Amino acid sequence: YMNNWGCEHLGASGDEIWALGDTYYSRYFVKEESDVVFEGLVRYLYKADFDKQYNFFQRVKLYGKADYKWFYSVCKLIKVKEGAGTADKMILLSSPVEGLDLLISRVNKVLDEDVFIKNNYKTFALLTKREKTIISMIANGKPSKEIADELFISIHTVNTHRKNIIQKTGCQSFAALLRFAIAFELL
């Protein structure tokens, strides 16, 4: 059974959705996410614990939309009276979640930053205190002359530090060095 809201937003009647069979999943859902959901659902059904529920997030392709929309879904096993006995049934409720795309984007950004830090931590640890100071000053947009004046060193020494920093970090552009500085909180 699919309620009217679901049918309307998928652009098909309940009978049309039922007739799709397995194509239903490839038409409306992301395959890799569906595989994970099915694995969890199988574990939930296998346990047959009527006191628990199975919850998950999934992206759904709604009718006439170019992008997927995030939904939060809850599966619950229930017992329903049928004739003289009862039958085990499952209810699935899915609700759209607003703003989850932004949250997922932020989480991915944090995870990417974490990977960057893990991949570059040894490099960061090998930098001298002075090199870290100079990276911070460069990332803040200070030219070599200003760095030299503030640190009471010659401009040639600053340029030598710059060359060593480029060699050690592999940062060939200001953008790369800025990312490095942000990741290691040198700003």
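Quick notes on the rules
- Residues numbered from 1 in each chain as written.
- Predicted model: local features only at pLDDT ≥ 70, side-chain atom pairs only at ≥ 80, totals over all residues.
- Heavy atoms only, no water.
- 1 Å grid on protein atoms, 1.4 Å probe; cavity = no way out; pocket = protein on both sides within 12 Å on 5 of 7 lines; lining within 4 Å.
- Points joined across faces, edges and corners; volume = space filled by probe spheres on them.
- Helix = DSSP H or I, 4+ residues; strand = E, 2+ residues; numbered from the N terminus.
- Nonpolar A, V, L, I, M, F, W, Y, C, P; charged D, E, K, R; others polar.
- Patch = residues over 30% accessible without salt bridge, like charges linked within 9 Å, V, L, I, M, F, W, Y side chains within 5 Å.
- Areas by Shrake-Rupley, 256 points an atom, 1.4 Å probe, with all protein chains shown as cover.
- Salt bridge = Lys/Arg side-chain N within 4 Å of Asp/Glu carboxyl O.
- Buried < 20%, exposed > 50% of the residue type's maximum accessible area, 1.4 Å probe, protein only.
- Contact = heavy atoms within 4.5 Å.
- Polar contact = N/O pair within 3.5 Å; in protein donor to acceptor, adjacent residues only side chain to side chain.

On to the layout of surface pockets. Considering only enclosed or pocket space, the largest pocket measures out at about 1200 Å³ in volume. Lining the largest pocket are 30 residues, with Tyr1, Met2, Ile17, Tyr24 and Leu92 sitting closest to its centre. Among the secondary structure elements, those contributing two or more residues to the lining of the largest pocket are helix H1 (4–10), helix H2 (14–20), helix H3 (23–28), helix H4 (31–47), strand E1 (53–61), strand E2 (68–82) and strand E3 (85–96). Residues of the lining of the largest pocket, tallied by class, amount to 21 nonpolar, eight polar and one charged.

This brings us to a nonpolar patch on the surface. Taken together, Leu103, Val107 and Leu111 make up a surface patch of nonpolar side chains, about 260 Å² in accessible area. With a relative accessible area of 47%, Leu111 lands in the partly exposed category.

With respect to the element layout, Lys76 can be found in strand E2. Judged by relative accessible area, Lys76 falls into the partly exposed class, the value being 25%. For the pair Lys76 and Asp49, spaced 27 residues apart in sequence, the C-alpha to C-alpha distance is 9.3 Å. Apart from residues lying up to four places away in sequence, Lys76 is in contact with Tyr44, Phe50, Asp51, Lys52, Gln53, Lys89, Met90 and Ile91. One polar contact links the side chain of Lys76 to the main-chain carbonyl oxygen of Lys52, over a distance of 3.4 Å.

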